[in-house]
Amino acid sequence: MANIQDFINKLDELKFDDMYMNDFFLTWEKTFDELQATWTVADALRYLRENNISTKVFDSGLGISLFRDNSTRTRFSFASACNLLGLEVQDLDEGKSQVAHGETVRETANMISFMADVIGIRDDMYIGKGNTYMHEVADSVAQGYKDGILEQRPTLVNLQCDIDHPTQIMADALHCIHEMGGLENMKGKKIAMTWAYSPSYGKPLSVPQGAIGLFTRLGCDVVLAHPEGYEVMPEVEEIARKQAEESGGSFTKTNNMAEAFKDADIVYPKSWAPFAAMEKRTNLYAEGDSDEIKALEKELLAQNAEHKDWCCTEELMKTTKDGKALYLHCLPADINDVSCKDGEVEASVFDRYRDPLYKEASYKPYIIAAMILLEKFKNPQKVLAELEKRGQKRIFEA
């Protein structure tokens, strides 16, 4: 878009009032207008920053981050998003807090939120736990605000849970939208969300589930491919089927990687652990059965090793649409003979797509910032217009 008014005009066409004073948990819980509003605000914020216009809409306040799993991109994307809007970030280290001494979720949530405007949580390791925990935190601060304990109601952004990875997949989709020349051009595009071999066993299900849960809303022909035994959550598959019917796209499954890649416009080869195994793992951790956990890890690594041929190769890429499919990955990828002997993708493929992959990742801070802005401000159009009118330089120019 040529100027900030173009973004404002687009927002004027959309209905997204319910995002205000709300949270962002799963993409399929949002209306299509709300998804478009998120992408539009993300692009608008990027436009302002690229034109050296400050986007600080908070004079003070905190963004609280809680990461229960390791993170590079999402951790720094959340920090960048908060900083972009004028919030400082404070990481909640549960090991150094009273959580370690049995402090309740409700108490922790309120104690960290006296001057917090947003809480970002990554909790993706245990089936049935992460998204549930996020809702408990959100409900706790909402009650604290209602009871007059908190001066403001912090909103929550799901930075990855056991079900979905909305900030990642929304960034992935925005990258695709730009690469394909607009949202309308996503209709009819074949997207191969395929399992790929990894020498590690416990990668979350939230990325493939997020992909089939979002791209089926864009009218895409989404193919989920994996070896037998690597199924994702059946309820998410059902959501994907329903959404594909509504959007005019399609959702199919195959146990053949080559079939998924054939004539695909976009490919997303990514390892994940089987849903059934992740459920079992969650139960074993709850029971504290370390011997059974080790046995399960050994079993899953052996199972993975049977499918080393599930790799994004140059030969497979040649079978995609005109041999030039857009390659996606949430990073870090397991790269053959670089990060491991055998992995998800051949080094030559990854190297060829390195710049687009980094561009894909660059959308995430703006997506998170857009989620925050839409949750915290009732009229984002007015906010964007005032930011441009104010014209505060982000970088001082004499």
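Our subject is the structure that appears above.
Keep in mind that this is a model prediction, so the values were computed, not measured.

1. Quick word on the sheet that holds strand β2 (residues 88-91)
- Here 4 strands make up an open sheet; going across it, the order is β2-β1-β3-β4 and the pairing parallel. Strands at the two margins of the open sheet, each flanked by one partner only, are β2 and β4 (155-161). For this sheet the average axis-to-axis angle between neighbouring strands, irrespective of direction, equals 20 degrees.

2. As for the sheet that holds strand β5 (residues 190-194)
- Taken in spatial order, the 5 strands line up as β7-β6-β5-β8-β9 in an open sheet, and their pairing is parallel. Two strands lie at the open edges of the sheet, namely β7 (250-254) and β9 (326-327), each paired on one side alone.
- Summarising the sheet, strand β6 (residues 221-225) and β7 pair through 5 bridges and their orientation is parallel. Each residue of the ladder has a partner; that of A225, found in β7, is T254.
- Across the sheet, helix α7 (residues 206-215) touches β5, β6, β7 and β8 (266-269), and the angle it forms with β5 is around 160 degrees.

3. Regarding the pattern of salt bridges
- Following the criterion strictly, the structure yields 21 salt bridges and no others.
- With its nearest N and O atoms 3.6 Å apart, the salt bridge here joins K376 to D117. One end of the pair, K376, is in helix α15 (residues 364-376); the other, D117, is in strand β3 (residues 116-123), with 259 residues separating them in the sequence. Residue K376 shares its accessibility class with D117, and that shared class is buried.
- The shortest N-O distance in the salt bridge between K308 and D342 comes to 3.8 Å. With K308 in the loop between α11 (290-305) and α12 (314-318) and D342 in the loop between β9 and α13 (347-352), the pair connects residues that are 34 residues apart, well separated along the chain.
- Under the relative-accessibility criterion, D342 is labelled partly exposed at 23%.

4. Topic: the pairing of β3
- Most of β3 is tucked away: 8 of the 8 residues are buried.
- Direction of pairing for strand β1 (residues 62-67) relative to β3: parallel, over a ladder of 6 bridges. For F67, the partnering residue across the bridge sits in β3 and is R122.
- The pairing of β3 with β4 spans 6 bridges and is classified as parallel. Counterpart to I119 in the pairing with β4 is L156.

5. Some remarks on the state of the cysteines
- For the structure shown, the criterion picks out 0 disulfides.
- With no disulfide of its own, C161 lies 14 Å from the sulfur of C330, the closest cysteine sulfur.
- Its relative accessible area of 0% is what places C161 among the buried residues.
- Cysteine C176 shares no disulfide, and the gap to the nearest cysteine sulfur, in C220, comes to 7.9 Å.

6. Focus: the environment of Y358
- Tracing the backbone through its elements, the reader meets Y358 in helix α14 (residues 354-362).
- On a C-alpha basis, the gap between Y358 and A302 in space is 32 Å, while along the polypeptide they are 56 residues apart.

7. With respect to helix α16 (residues 380-390)
- All of the buried residues along α16 are P380, Q381, V383, L384 and L387. One face of α16 carries all of its buried residues, which in axial projection span an arc of 165 degrees. Away from its buried face, by an angle of more than 90 degrees, α16 presents the exposed residues K382 and K389.
- Tucked inside the fold, the buried residues of α16 contact α1 (4-12), α2 (32-50) and α15.
- Trailing α16 by a residue or two, G391 shows a phi angle of about 65 degrees, which is positive.

8. Some remarks on α15
- End to end, α15 covers 18 Å across 13 residues, agreeing with the expected 18 Å (1.5 Å per residue, within 8%).
- Of all 13 residues in α15, 13 are buried, a share of seventy percent or more.

9. Some thoughts on the packing of aromatic side chains
- In total, this model carries 6 aromatic pairs according to the counting rule given.
- With centroids separated by 5.7 Å and ring planes inclined at 55 degrees, the aromatic side chains of F7 and Y47 adopt a geometry described as tilted. Placement of the pair is F7 in helix α1 and Y47 in helix α2, with a sequence separation of 40 residues.
- Using a relative accessible area of 4% as the deciding quantity, one classes F7 as buried.
- With a relative accessible area of 18%, Y47 lands in the buried category.
- An aromatic cluster is built from W195, Y230 and W310, whose rings are joined through pairwise contacts.

10. Overview of the packing of α1 against α16
- For the pair α1 and α16, the least separation of the axes is 9 Å and the interaxial angle reads 170 degrees. Classified by the angle their axes make, α1 and α16 are roughly antiparallel. The segment α1 lies against α16, with I4, I8, L11 and D12 engaging Q381, L384, A385 and E388.
- When grouped by side-chain class, the residues that make up the contact of α1 with α16 number 5 nonpolar, 1 polar and 2 charged.

11. Overview of the side chain of N52
- Mapping N52 onto the fold places it in the loop between α2 and β1.
- N52 gets classed as buried once you look at its relative accessible area, which sits at 13%.
- Setting aside residues no more than four positions away along its own chain, N52 makes contact with Q392, K393, R394, I395 and E397.

12. Re a nonpolar patch on the surface
- On the surface, a nonpolar cluster with roughly 420 Å² of combined accessible area is contributed by M111, F114, M115 and I149.
- One can find F114 in the loop between α4 (105-111) and β3.

Analysis parameters
- Residues numbered from 1 in each chain as written.
- Predicted model: local features only at pLDDT ≥ 70, side-chain atom pairs only at ≥ 80, totals over all residues.
- Heavy atoms only, no water.
- Pairing = 2+ DSSP bridges.
- Helix = DSSP H or I, 4+ residues; strand = E, 2+ residues; numbered from the N terminus.
- Axes fitted to C-alpha atoms, helices over the stretch in contact; angles between N-to-C directions.
- Contact = heavy atoms within 4.5 Å.
- Salt bridge = Lys/Arg side-chain N within 4 Å of Asp/Glu carboxyl O.
- Buried < 20%, exposed > 50% of the residue type's maximum accessible area, 1.4 Å probe, protein only.
- Disulfide = S-S within 2.5 Å.
- Arc of directions from axis to C-beta.
- Expected span 1.5 Å × (residues − 1).
- Phe/Tyr/Trp six-rings, centres within 6.5 Å; stacked < 30°, edge-to-face > 60°.
- Parallel < 35°, antiparallel > 145°, perpendicular 65-115°, else oblique.
- Nonpolar A, V, L, I, M, F, W, Y, C, P; charged D, E, K, R; others polar.
- Patch = residues over 30% accessible without salt bridge, like charges linked within 9 Å, V, L, I, M, F, W, Y side chains within 5 Å.
- Areas by Shrake-Rupley, 256 points an atom, 1.4 Å probe, with all protein chains shown as cover.

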